[in-house]
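Observations on chain architecture
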Amino acid sequence: TRSEKCATEKEWPFCTDDEWGPKCPSGCRIQGLMEKYDHDLLKKVEKIRSLLDQNRAKHRSAQ
Amino acid sequence: TRSEKCATEKEWPFCTDDEWGPKCPSGCRIQGLMEKYDHDLLKKVEKIRSLLDQNRAKHRSAQ
Amino acid sequence: FLLASVQAQIRGDNLASCSQNDGFGKYCPTTCGVADYMFRYLPGVTTDLMDMERSLEIIANMTTDTE
Amino acid sequence: FLLASVQAQIRGDNLASCSQNDGFGKYCPTTCGVADYMFRYLPGVTTDLMDMERSLEIIANMTTDTE
Amino acid sequence: TTTVTGPQEQEKGEQPETGGCTHAMEEMGVLCPNGCELKTMIQKQEKNVKTSIGELRPQVNELARESNNIFNY
Amino acid sequence: TTTVTGPQEQEKGEQPETGGCTHAMEEMGVLCPNGCELKTMIQKQEKNVKTSIGELRPQVNELARESNNIFNY
């Protein structure tokens, strides 16, 4: 168990399905996930921008 | 630091005074404190009940 | 009656939460708000209980003195 | 106008939070509500971005083929 | 495991934490009671304690009066 | 220490956590962003991403049309 590795952490029982709502995740965890997912989306946006630039350059040379 | 003792814990900067409100404690921590304080109050209530009983007994013998 | 009911809705009377139908589900107090409430409520009841306990101890001493 | 403003208050339009003046301070979405919102919003934009990327890759291949 | 109902034993310097559970999505980590749940809990606790105080106070006052009578007697 | 702005490096299997701070009252432990803060953040992120998509989509469509012309030509 994790408690053996780390005395300051606490073991909790697993949540049942109906506990989501009355019990909720940590705000730090949600902000962390939000930033991670947003970072992933912005990387996709950047990739599209660079693909657009590459394709435009190709077109100019192809025409 | 705590992070040396426990790799799964994270070190955070200290909160400034104006962070209370936008940032809040864990619900598990608040429930833990609520139960602790309530337990303390109920112990006081029990102590008063037993003092009342003792005093009533004394009175009966004193009258 | 209708106005009273509208006012009650604005005040959010007798609701455990209020909702804004903005896609974020039901609204609740923050844990800061609950902690603030707790620290406002505790001193009063703690003082009340300690006062009663002190009274009973004084009474106990008086009773002992008169024995 | 007054009724519209009352309705807006009931709906809680344009507010980041709602308050019930019950001693618990301002009300906010729960982190569950925010997480639910996030997982509803992410798939759509992720699909949109991946579709565009795929289109651009197809275009790149077509351009290469015609060279 | 069953859900903890009372405060658990804490190490020295540790603060009590109760009411948590581990979400199946590892991403979500530990879930803890939300503000609505905590509000309901503390209102219930407050009501119980204030009810007890309301019951005890007249009994303490009554005993105080009786004691004064005996003392003055 | 200064407040973390981006997601920090995590150990393998660890999930990202940001925006916390340690309260001076040890009792309170770590404070994390409340739901109002998180709502504002995600709405801002959503608006930015959707704005970007709105800008890029017509450019992609335009390029697709041009490519079809070249291809058909």
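1. A look at the packing of aromatic side chains
Two descriptors summarise a pair of aromatic rings, namely the distance from one centre to the other and the angle between the planes of the rings. Evaluated as defined, the whole model comprises four aromatic pairs over all chains. For the pair Tyr37(C) and Phe24(D), a centre-to-centre distance of 4.1 Å together with 10 degrees between the ring planes defines the contact as stacked. Of this pair, Tyr37(C) sits in helix H2 (residues 31-66) while Phe24(D) sits in the loop between strand S1 (18-19) and strand S2 (26-29), which puts the two residues in different chains. Overall, Phe24(D) belongs to the buried group, its relative accessible area being 1%.

2. Brief notes about the environment of Arg29(B)
Along the chain, the position of Arg29(B) falls in helix H2 (residues 27-62). Owing to a relative accessible area of 11%, Arg29(B) belongs among the buried residues under this scheme. With residues near it in sequence (within four places) discarded, Arg29(B) still touches Gln15(E), Pro16(E), Glu17(E), Glu26(F), Glu27(F), Met28(F) and Gly29(F).

3. Describing the interface of chain F and chain A
Across the contact, 26 residues belong to chain F and 21 residues belong to chain A. Taking both partners together, chain F and chain A bury about 2,200 Å²; carbon and sulfur atoms supply 65% of that area. Among the residues chain F hides against chain A, the three largest losses belong to Gln45(F), Leu56(F) and Leu63(F). Together they make up 24% of the total. Applying the counting rule to chain F against chain A returns two salt bridges. One salt bridge connects Arg29(A) with Glu17(F), and the closest N-O pair in it is separated by 3.1 Å. Broken down by element, the side of chain F that touches chain A gets its largest block of residues, 14 residues, from helix H1 (residues 35-72) of chain F. Taken together, the residues of the side of chain F that touches chain A break down into 13 nonpolar, ten polar and three charged.

4. Some remarks on the nonpolar core
Counting 36 residues, the largest nonpolar core has Ile48(B), Tyr41(C), Leu56(C) and Ile42(E) as the members making the most contacts within it. For this core, the elements supplying multiple residues, two or more each, are H2 of chain B, H2 of chain C together with helix H1 (35-72) of chain E. Ranked by residue count, the leading element in this core is H2(C), at eleven residues. Residues contacting Tyr41(C), with those up to four places away along its chain left out, are Leu41(B), Ile42(E), Gln45(E), Glu46(E), Val49(E) and Lys50(E). Core analysis: the next-biggest nonpolar cluster, separate from the first, contains 32 residues, Ile30(A), Phe24(C), Leu42(D) and Met52(D) among them.

5. Some thoughts on the sheet that holds strand S1 (residues 21-22) of chain F
Ordered in space as S1(B)-S2(F)-S1(F), the three strands form an open sheet in which the pairing is antiparallel. Of all the strands in the sheet, just strand S1 (23-24) of chain B together with S1 of chain F have a single pairing partner and so form its edges. One ladder, built from two bridges, connects S1(F) with strand S2 (residues 30-33) of chain F; its direction is antiparallel. Residue pairing for S2(F): Cys21(F) is matched across the bridge by Leu31(F).

6. So, the confidence of the model for chain A
All names here are of chain A. Per-residue confidence for chain A averages 85 on the pLDDT scale, and 83% of its residues sit at or above 70. Mean pLDDT per element in chain A: helix H1 (residues 2-5) is the minimum at 36, and strand S1 (residues 23-24) is the maximum at 98. Taken as a whole, residues 1-8 scores under 50 in pLDDT and shows twelve contacts with residues more than four places along the chain or in a different chain.

7. Digging into the sheet that holds strand S2 (residues 26-29) of chain C
Sheet strands line up and pair through hydrogen bonds in the backbone, either parallel or antiparallel. The four strands lie next to each other as S1(C)-S2(C)-S2(D)-S1(D), forming an open sheet whose pairing is antiparallel. The sheet terminates laterally at strand S1 (18-19) of chain C together with S1 of chain D, the two strands that pair on one side only. For S1(D) and S2(D), the ladder comprises two bridges, and the chain directions are antiparallel. The residue bridging Ser19(D) from the neighbouring strand is Lys26(D), located in S2(D).

8. Some thoughts on the state of the cysteines
If you walk through the whole model with that rule in mind, you get eight disulfides over all chains. One disulfide bridge connects Cys15(B) with Cys21(F), the sulfur atoms lying 2.1 Å from each other. Between Cys15(B) and Cys21(F), the disulfide has an S-S torsion of 95 degrees and is therefore right-handed. One end of the pair, Cys15(B), is in the loop between helix H1 (2-5) and S1; the other, Cys21(F), is in strand S1, on a second chain.

9. As for the side chain of Gln31(B)
With respect to the element layout, Gln31(B) can be found in helix H2. What makes Gln31(B) buried here is its relative accessible area of 7%. Here the side chain of Gln31(B) touches Thr18(E) through a polar contact of 3.5 Å, side chain to side chain. In this structure Gln31(B) touches Thr18(E), Gly19(E), Pro33(E), Leu38(E) and Met41(E), once residues within four positions along its chain are discounted.

10. What about the pairing of S2(D)?
Of the strand pairs in this sheet, S2(C) and S2(D) are connected by three bridges, and their pairing is antiparallel. By the bridge assignment, Pro29(C) is partnered in S2(D) with Tyr27(D). Hairpin remark: S1(D) followed by S2(D), antiparallel, with six residues in the connecting loop; positive phi at Asn21(D), about 50 degrees.

11. Brief notes about unusual backbone geometry
Even without being glycine, Asn21(C) reaches a positive phi, approximately 50 degrees. Looking at the element boundaries, Asn21(C) is found in the loop between S1 and S2.

12. Examining the pattern of salt bridges
A side chain of one charge can pair with a side chain of the opposite charge when the charged atoms of the two come close. Applying the stated rule across the entire model yields 22 salt bridges over all chains. Here Lys47(A) ties to Glu53(D) by a salt bridge, and the two come within 3.0 Å at their closest N and O atoms. Placement of the pair is Lys47(A) in helix H2 (residues 27-62) and Glu53(D) in helix H2 (residues 31-66), with the two residues belonging to separate chains. Residue classification places Lys47(A) among the partly exposed residues on the basis of a relative accessible area of 39%. The closest approach of N and O atoms between Asp51(D) and Arg54(D), which form a salt bridge, is 3.4 Å. In this pair, Asp51(D) and Arg54(D) are both assigned in helix H2, three residues apart and thus about one turn of the helix distant.

Here is what the cut-offs are and how they apply
- Residues numbered from 1 in each chain as written.
- Chains lettered and ligands numbered in written order.
- Predicted model: local features only at pLDDT ≥ 70, side-chain atom pairs only at ≥ 80, totals over all residues.
- Heavy atoms only, no water.
- Phe/Tyr/Trp six-rings, centres within 6.5 Å; stacked < 30°, edge-to-face > 60°.
- Helix = DSSP H or I, 4+ residues; strand = E, 2+ residues; numbered from the N terminus.
- Buried < 20%, exposed > 50% of the residue type's maximum accessible area, 1.4 Å probe, protein only.
- Contact = heavy atoms within 4.5 Å.
- Buried area = accessible area lost by both parts, 1.4 Å probe.
- Salt bridge = Lys/Arg side-chain N within 4 Å of Asp/Glu carboxyl O.
- Nonpolar A, V, L, I, M, F, W, Y, C, P; charged D, E, K, R; others polar.
- Core = buried A, V, L, I, M, F, W, Y, C linked by side-chain atoms within 4.5 Å.
- Pairing = 2+ DSSP bridges.
- pLDDT = per-residue confidence, 0-100.
- Disulfide = S-S within 2.5 Å.
- Polar contact = N/O pair within 3.5 Å; in protein donor to acceptor, adjacent residues only side chain to side chain.

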